[in-house]
Amino acid sequence: MALLSVQNLTKRFHVDHPAAVDGVSFDVQPGEILVLLGPSGCGKTTVLRMIAGFEHADRGSVRFDGQTLTQAGDTPKHVRPEHRNIGFVFQDYALFPHMSVIRNVMYGLHGKRSDRRVRALQALDLVGMTDYAERRPHELSGGQQQRVALARSLGPSPRLILLDEPFSNLDASLRENTRQEMRKLLHEQDMAAILVTHDQEEALSFADRIAVMSAGRIEQVGAPRDVYEQPTSAFAATLLGRVNLLQVNANGCEADSILGRLRLDREVHGPITVAIRPEHILLSDPSEANGVHGTVVSQDYKGHDLTYRIQVDEQIVTVQSDCRTTYPEEASVALRVVADAVVLPAK
Ligand code: ADP
Ligand code: MG
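Here the structure is a predicted model, which means the values were calculated and not measured.

Calculation notes
- By convention here, each chain's residues receive numbers from 1 onward along its written sequence.
- Chains and ligands are labelled by the order in which they are written, letters from A for the one and numbers from 1 for the other.
- A pLDDT threshold of at least 70 governs which residues receive local features in this predicted model, and a stricter bar of 80 or more applies before side-chain atom pairs are shown or counted, although totals over entire chains, interfaces and linings include all residues.
- Here the side-chain values reflect all heavy atoms present in the structure, with hydrogen atoms and water set aside.
- Being near a molecule or strand, for a residue, comes down to having at least one heavy atom within 4 Å of it.
- Here a polar contact means two N or O atoms within 3.5 Å. Within protein one must be a hydrogen donor candidate and the other an acceptor candidate, and residues neighboring in sequence count only if both atoms are side-chain atoms.
- A 1.4 Å probe and the Shrake-Rupley method give the accessible areas. Residues count as covered only by the protein chains that appear here.
- The nonpolar class holds Ala, Val, Leu, Ile, Met, Phe, Trp, Tyr, Cys and Pro. Asp, Glu, Lys and Arg form the charged class, and all remaining residues, Gly among them, are polar.
- Cavities and pockets were defined on a 1 Å grid built over protein atoms only: a cavity is a set of grid points that admits a 1.4 Å probe from which the probe cannot escape, a pocket is an open set flanked by protein on both sides within 12 Å along at least five of seven lines, and lining residues are those with an atom within 4 Å of any such point.
- Grid points are joined across faces, edges and corners, and a volume is the space filled by probe spheres set on the points.
- For the purposes of this entry, the term helix denotes a DSSP run of H or I that reaches at least four residues, the term strand denotes a run of E that reaches at least two, and both are numbered from the N terminus.
- Start and end positions for the domains come from either an automated domain assignment or a database one.
- Defined in terms of a 1.4 Å probe, buried area is the accessible area two parts forfeit on being brought together, summed over both.
- Think of a salt bridge as a Lys or Arg side-chain nitrogen and an Asp or Glu carboxyl oxygen that are within 4 Å of each other.

Colleague: I'd love a proper account of the site of ligand 1, names of residues and values included.
Modeller: Around ligand 1, the structure places Phe13, His14, Ala20, Pro39, Ser40, Gly41, Cys42, Gly43, Lys44, Thr45 and Thr46. In the model, an oxygen atom of ligand 1 is placed 2.6 Å from a nitrogen or oxygen of the Gly41 main chain. For ligand 1, the accessible surface in isolation is 560 Å², of which the surrounding protein chains cover 56%. Here the residues of the shell around ligand 1 sort into four nonpolar, six polar and one charged.

Colleague: Lay out the layout of surface pockets in plain terms, naming residues and giving numbers.
Modeller: The volume enclosed by the largest pocket comes to roughly 730 Å³. Around the largest pocket, the lining is made up of 23 residues, and of these Pro81, Glu82, Ile86, Gly108 and Pro156 lie nearest the centre. Among the elements of the structure, strand S7 (87-89) and helix H4 (142-154) are those that each provide at least two residues to the lining of the largest pocket. Considering each element in turn, the lining of the largest pocket owes the most residues, three residues, to H4. In terms of residue class, the lining of the largest pocket is built from 14 nonpolar, five polar and four charged. Lining the second largest pocket, in full, are Gln200, Glu201, Leu204, Tyr228, Leu240, Gly241, Arg242, Pro278, Glu279 and Gln320. It is helix H6 (residues 200-206) that contributes the most residues to the lining of the second largest pocket, three residues altogether. Its residues placed into classes, the lining of the second largest pocket shows four nonpolar, three polar and three charged. Of the residues that make up the lining of the second largest pocket, three or more belong to each of domain 1 (4-239) and domain 2 (256-344).

Colleague: Give a description of the domain arrangement of the chain that names residues and reports values.
Modeller: For interface size, the figure often reported is the accessible area lost on association. Taken as a whole, the chain is organised into domain 1 (4-239) and domain 2 (256-344). Carbon and sulfur atoms make up 48% of the surface buried where domain 1 meets domain 2, a total of about 600 Å² over both sides. Taken together, domain 1 and domain 2 are joined by zero salt bridges. The interface formed by domain 1 and domain 2 includes three residue pairs in polar contact (both at pLDDT 80 or more). Among the secondary structure elements, those contributing two or more residues to the side of domain 1 that touches domain 2 are helix H7 (224-229) and helix H8 (234-239).

This is the structure we're talking about:
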């Protein structure tokens with residue numbers, strides 16, 4: 001049985017505005033990490049706040065661990081946040097600046113002071129921060145503060161923890177490490193989590209499943225690889241990384257395009273849009289390869305790889321390539337698509 005079940009959750013802040021969250025439904029299994037991925041303003045935080053109980057829902061329900069926490073409608077129910085037993089790490093951590101690390105973690109735990117202290121130390125141990133127990137937040141780095149915030153939400157041993165862009169204040173190198181550690185910790189503790197982010201790389205590397213959100217709705221849910229490789233909309237395709245969208249005329253499992261004849265990932269007929277990831281196009285010297293030719297408009301060197309923009313007919317095609325062979329601006333290149341093009345369903 002699902003640990004958390006969100007049904008038709010809806011929230012409108014102003015009568016004359018569109019709903020911030022509009023009929024959102026999903027489940028989270030015990031120990032599962034679900035990532036809500038979507039652009040800023042699409043309603044991610046509002047979903048988390050309704051699950052945590054900080055926000056009342058206009059419609060829908062939240063069931064957690066066999067209990068109804070939120071039920072909108074004729075017989076409304078709303079369990080207060082402090083009685084939900086769900087952990088929450090906010091975007092800005094919000095540690096109390098005047099309290100030591102240990103007192104920050106003890107805050108919110110119930111019971112005898114000595115018991116609370118033991119549990120707080122255990123939580124700090126989980127995140128590798130026991131040595132810093134007596135420090136104040138301002139004496140810690142951003143990453144350390146973030147771990148204390150996590151320890152604080154782990155203290156009561158919730159089975160579900162809500163993480164609202166918890167890595168966004170960390171610099172790039174620290175972010176990747178902290179992310180991996182937290183993922184490991186959650187899985188070791190068999191703790192389920194919902195992480196909210198607008199960062200596609202973070203979503204792909206952190207999630208067991210990704211839910212793609214747009215304008216208050218969920219567009220697609222699936223394993224990272226499935227959502228990346230089989231997006232069901234141009235929006236989802238674009239949100240998860242760079243993509244080339246081509247209008248083609250399909251004839252069964254093939255279509256002619258500006259990139260030559262494409263193999264399609266399913267059988268379809270007529271005018272359609274297909275998605276091709278930039279890493280699925282290979283470049284070569286036009287004198288050594290026949291096929292479609294284009295002209296390099298620009299190259300963006302990123303150390304481990306290169307992104308080219310290439311003019312082919314009237315369109316700019318994005319190509320991701322390693323740095324073994326490089327082509328300067330204005331060079332002629334041959335392009336070859338090496339994967340099936342993904343057919344996007346017509347809206
Ligand atoms: P996200 O976390 O995806 O960036 P939010 O859930 O914060 O999005 O916001 C979704 C929409 O709801 C936005 O248009 C935002 O301006 C609006 N909104 C969020 N909270 C409030 C609030 N307390 N009052 C009025 N509007 C709000
Ligand atoms: Mg937000």
